[in-house]
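Structural overview for review
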Amino acid sequence: MKFFTLKWGDKYGPEYVNRLYGSLFQCYKKPFSLTCYTDQADGIREEVELKPISDLRPYNTDRVFTYEKLILLEKYESGIWLDLDILIHQDITDVPNENSFTMIWNHWNNYEQRSLKWYGKGTSCHVNSSFVQWNNAEWLIKFTHDNWEKIEWTYKSLDKYMFYQHHRCGRLEYWPEDIVSNYNRENLKLDRKITLFNTSHIKANNLTNEIGYELHESSDEVISLWKSYEL
Amino acid sequence: MNYMSPQMRSLVYGKATNYDSVIFLACNEISDLLEDLNSMGIIASAIDYDPKFEDKKYYECKDFIFDEVKLDADLIVHFNCEKTFMFETDGDVLLVGDNKKHNGDCKSIESSEQLIEQYKLKEVYEKGDWSERATFLNGISHFWVHGRM
């Protein structure tokens, strides 16, 4: 299996990449590779293949946050991309599937209240791209390039683009509910096999009442497990 | 529930009743307006991609920017220009947008001239704006233009 991750800027240090590799080593029991597209390779362990993030930026834009992930589909027929701020903590060897494009459905949020209620405002987003598998998703590459001008104008993030265009039209598959959990939305626990710690939506959506912990800010137990992957 | 402000309602009624057919875009719930116009003999319909409009009378539940839609009415009214890319048509339009800078907006509308430029209007019949107070300190302005694309 080919795994991919992206790291740019200074929000996350190399330890995030190194521990992500370590978690795959512990939890994925088949041959695999991890490629990191980055603008700063210092400190990343040698088992990780490094490539320049500029290879994933055909468009000069500061919108459609993390659209770079979609460009991976052009370069590789299949694979799984992983965000740096996830923690894989149980065996995921049998998780991959044959679907064209599999995302995370935010099942920890109430769809009616959180997404459908404000659908027309353009603020809804019930999908998450922190752990995504693709297999020959040419349809998505073509749609994205054919409609790029509209997409760039309309969407501030990849997840919103995927939700409003591709979920709306029934083009996406989702991981079963027993695969992914959300630390900040589900009682600060490590549930299921993979746990998300993303907090970027809090700032992006001005959710001042929502508390969010990054992986390095989580409980001692979680941090201890995370650090164990660095060995 | 109807989501139109009194100013919007006045503007829309004032323009739409001069046409034989009207399509409303990104308009949310305006069933009473559509019912009124149709009862007056005006063919009026709406396109809004919110799933709550599936199977709703007078509504087509589609994204008029990304999906295939027919914008073939005598007047096209866009209620929320700040929330979408520019649609294409060849005829009369009433464009409305605001500078609320809501989280879901694509591009804030700051003037009627901006609408004229964005939509490359060939002729402008009338334009205007109205304001409302959002908080004690901040106001929101709505800008509109009636013209031809």
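Report on the accompanying structure.

Topic: the overall build of chain A
Of the regular secondary structure elements, chain A holds 8 helices and 10 strands. What you see for chain A is a C-alpha radius of gyration of 17 Å, in line with the 17 Å of a compact globule of 231 residues. Once the C-alpha set of chain A is aligned to its principal axes, its extents read approximately 45 × 40 × 35 Å. The buried share of chain A, reckoned over its 231 residues, is 38%. Long-range pairs, those at least 24 residues apart, make up 72% of the contacts in chain A between residues at least 6 apart in sequence.

Side note on the sheet that holds strand E6 (residues 123–133) of chain B
Note: strands within a sheet are paired through backbone hydrogen bonds, in either parallel or antiparallel orientation. Residues and elements named next belong to chain B. The strand order across the open sheet built from 7 strands is E3-E2-E1-E4-E5-E7-E6, with neighbouring strands paired in mixed fashion. Both edges of this open sheet fall to strand E3 (59–60) and E6, since each of them pairs with a single strand only. Where strand E1 (residues 21–25) and strand E4 (residues 75–78) come together, 4 bridges link them in parallel fashion. Across the sheet, Val22 pairs through a bridge with Leu75, a residue of E4.

Describing the interface of chain B and chain A
Counting residues at the interface gives 15 residues for chain B, matched by 14 residues for chain A. Of the residues assigned to the side of chain B that touches chain A, the class counts are 6 nonpolar, 5 polar and 4 charged.

Describing unusual backbone geometry
All names here are of chain B. Look at Asp55: it is not a glycine, yet its phi comes out positive at around 65 degrees. Along the chain, Asp55 turns up in the loop between strand E2 (43–47) and E3. We note that Tyr58 has phi near 75 degrees; this positive angle belongs to a residue other than glycine. Of note, Tyr58 is situated in the loop between E2 and E3. Take Tyr58: there are 17 C-beta atoms within 10 Å of it, and that puts it in the partly exposed class.

Here's the deal with the packing of helix H2 (residues 68–75) of chain A against helix H4 (residues 138–146) of chain A
Residues and elements named next belong to chain A. Direction vectors running N to C along H2 and H4 enclose 125 degrees, while the axes themselves pass 9 Å from each other. Taken together, the axes of H2 and H4 are oblique relative to one another. Two packed elements cross with a definite hand, and for H2 against H4 that hand is left-handed. Along its contact with H2, which presents Leu70, Leu73 and Glu74, the element H4 presents Leu140, Ile141 and Thr144. Taken together, the residues of the contact of H2 with H4 break down into 4 nonpolar, 1 polar and 1 charged.

Scoring rules and cut-offs
- Residues numbered from 1 in each chain as written.
- Chains lettered and ligands numbered in written order.
- Predicted model: local features only at pLDDT ≥ 70, side-chain atom pairs only at ≥ 80, totals over all residues.
- Helix = DSSP H or I, 4+ residues; strand = E, 2+ residues; numbered from the N terminus.
- Rg over C-alpha atoms; globule rule 2.2 N^0.38 Å.
- Buried ≥ 20, exposed ≤ 12 C-beta atoms within 10 Å, placed from the backbone.
- Contact = placed C-beta atoms within 7 Å.
- Pairing = 2+ DSSP bridges.
- Nonpolar A, V, L, I, M, F, W, Y, C, P; charged D, E, K, R; others polar.
- Axes fitted to C-alpha atoms, helices over the stretch in contact; angles between N-to-C directions.
- Parallel < 35°, antiparallel > 145°, perpendicular 65-115°, else oblique.
- Left-handed = near helix turned anticlockwise from the far one by under 90°.

Read these as geometric descriptors, not functional statements.
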